[in-house]
Amino acid sequence: MTEFEPDVGDDVVLLTVPADGGYLGVLRTATAGLAARLHFALDEIEDLRIAVDEACAMLLAIATRNAELECRFAVTDDALTVEVTVATVRGARLPSESSFAWKVLTALTTSAEASATGRHATIRLLTRRTEF
């Protein structure tokens, strides 16, 4: 099991919205609500909201017309994994891991990874709550 795979007891929330920038606020709000439920610090919540927004922007750039963003949130005791998937246009490519967009994702989360399989692309973000 990778660090992105939820355990059997994890809570999973699925949310699907049109692949349109106007709906990203729904995903940002859901992200903030779930992170707050885990008692993330305010700056951690804001970092995660920005990361989700950036990941979605990357996916919207390669989405097919009339596609949907499928967002899967896995909630554990100390972490939130956000996995966003979209149908992509033929030959679509995500930015390279050396791009500024990826630097932002990796700076704002515990870990980030992407995969593209045929006609879909997925970005997974894992953020663990900082213990004080």
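Rules of the game
Residue indices follow the written sequence of each chain, beginning from 1 at its first position. At least 70 in pLDDT is required for a residue's local features to be given in this predicted model, at least 80 for side-chain atom pairs to be given and counted, and no such filter applies to totals for whole chains, interfaces and linings, which use all residues. With hydrogens and water set aside, each side-chain value is computed from the structure's full complement of heavy atoms. Only runs of H or I of at least four residues qualify as helices and only runs of E of at least two qualify as strands under DSSP, and these elements are numbered from the N terminus. Exposure categories follow from relative accessible area, calculated using a 1.4 Å probe and restricted to protein chains: below 20% of the type maximum is buried, above 50% is exposed, and the middle band is partly exposed. Joining through side-chain atoms within 4.5 Å is the link that ties buried Ala, Val, Leu, Ile, Met, Phe, Trp, Tyr and Cys residues into a set, and such a set is a nonpolar core. Throughout, a contact is declared for two residues whenever any of their heavy atoms are within 4.5 Å.

The chain is annotated in an unreviewed UniProt entry as Anti-sigma regulatory factor from Actinoplanes utahensis.

Student: Looking at this structure, I do not really get unusual backbone geometry. What am I missing?
Tutor: Of all residues except glycine, most have a negative phi; of all peptide bonds, most are trans. Although it is not a glycine, H39 adopts a positive phi angle of roughly 65°. Counting through the fold element by element, H39 comes out in the loop between helix 1 (24–37) and helix 2 (42–60). Residue classification places H39 among the exposed residues on the basis of a relative accessible area of 65%. With phi around 65°, N66 is a residue other than glycine that occupies positive phi space. Turning to its location among the elements, N66 is positioned in the loop between helix 2 and strand 2 (68–75).

Student: Just to check I follow, could you spell out the nonpolar core for this structure?
Tutor: Across soluble globular proteins, nonpolar side chains show a tendency to be buried alongside one another. L27, L59, L69, L80, L105, I123 and L125 are the most contacted members of the largest nonpolar core, which totals 37 residues. When contributions to this core are tallied by element, the ones reaching two or more residues are helix 1, helix 2, strand 2, strand 3 (79–87), helix 3 (100–108) and strand 5 (120–128). Top element by residues in this core is helix 2. It accounts for 8 residues. With residues near it in sequence (within four places) discarded, L59 still touches L69, V84, T85, V86, L94, A121 and I123.

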